[in-house]
Amino acid sequence: MANIARNQTDKKIYSIEDWQVSFINDIPYCPVCDEVTEIKAKSSVYMQTHFAHGKHSDCPTIKDNHGKYTLLPPTDRDEDNGKILLCWAKLNIHHLYLKCQEILQGKLKFIEFTEVLQKANNNSIWFYKGLTNETLPYVLIVNYGVFSKVKDLRSEDVHYIFNKSAYGDDLFLKKKISHIYRVVDSGIESIALNYKTKGTAPDYFWRYVKTFMNTK
């Protein structure tokens, strides 16, 4: 159920509430897949008003489409950068966990984080060309897929995705991703990538790790 849409005129994203006040005669577009949507359940007392995709939509926000939008293992591997990233991750494992936990709004246990890292190993995401320690936490979370509902932790299933056009091998890095989307049954939230956090090691440390690794 989508609760946000993009206005093609100003390219900004608006909530369903704001849309009904200011843009009711405009066509709403999904910010994730760029498809035209329409307002549903406008007069319903049983269902929340929302933006709906067409019947055969391929949008990754739709539950039946989740499996199509997993990150693919890199075909053009950057072995040197991958080794540096792995070293950085090991040295900064707690900081990396805190950043992933921040993305998940604090709702991530460390034991789940180990599963996140294992899936990253399975898909070799460390070896994407252009991947940095700043982008890494977001890629880890998107790569994992659906974080299931857990009692006293998460009240509903949640997963994070990039814009639909960014999928396919390392295309999401080539397109200079700036946002991810938090998807739950109750709605979608656009989140700007925040690289400047106290949970991640500072840039000078990252440069030091690169220098250290390149001398070995």
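Keep in mind the model is a prediction, meaning the values are calculated, not measured. (Residues numbered from 1 in each chain as written. Predicted model: local features only at pLDDT ≥ 70, side-chain atom pairs only at ≥ 80, totals over all residues. Heavy atoms only, no water.)

*Asks:* Pulling in residues and values, what's your account of the sheet that holds strand β1 (residues 4-7)?
*Replies:* Reading across the sheet, the three strands line up as β2-β1-β3 and stay open at both edges, with antiparallel pairing between neighbours. Both outer strands of the open sheet, β2 (13-15) and β3 (28-29), are each paired with one neighbouring strand and no more. Looking at chain direction, β1 and β3 are connected through two bridges and run antiparallel. Looking across to β3, one finds that R6 is bridged to Y29. (Pairing = 2+ DSSP bridges. Helix = DSSP H or I, 4+ residues; strand = E, 2+ residues; numbered from the N terminus.)

*Asks:* Tell me what's going on with the packing of aromatic side chains, and back it up with residues and numbers.
*Replies:* In total, this model carries eight aromatic pairs according to the counting rule given. Ring plane angle 80 degrees and centroid distance 5.0 Å describe the contact between Y97 and F110, whose orientation is recorded as edge-to-face. Highlighted residues: Y97 in helix α3 (residues 93-103) and F110 in helix α4 (residues 110-123), separated in sequence by 13 residues. Using a relative accessible area of 10% as the deciding quantity, one classes Y97 as buried. For the ring pair Y97 and F113, a centre distance of 5.4 Å and an interplane angle of 50 degrees mean the geometry is tilted. Here F113 lies in helix α4 and Y97 lies in helix α3, a separation of 16 residues in the sequence. Overall, F113 belongs to the buried group, its relative accessible area being 0%. Connected via pairs of aromatic rings, a cluster forms that spans Y14, W19, F23 and F51. (Phe/Tyr/Trp six-rings, centres within 6.5 Å; stacked < 30°, edge-to-face > 60°. Buried < 20%, exposed > 50% of the residue type's maximum accessible area, 1.4 Å probe, protein only.)

*Asks:* Would you mind going over helix α5 (residues 136-144) in detail, with residue names and values included?
*Replies:* Of all nine residues in α5, nine are buried, a share of seventy percent or more. Turning to α5, its buried residues are L136, P137, Y138, V139, L140, I141, V142, N143 and Y144. Looking at the residues trailing α5, positive phi occurs at G145, about 100 degrees.

*Asks:* Residues and numbers for the state of the cysteines, please.
*Replies:* With the rule as written, the count across this model stands at zero disulfides. Looking at the unpaired C33, the closest cysteine sulfur is the one in C59, lying at 3.6 Å. According to the relative accessible area criterion, C33 is buried, its value standing at 9%. (Disulfide = S-S within 2.5 Å.)

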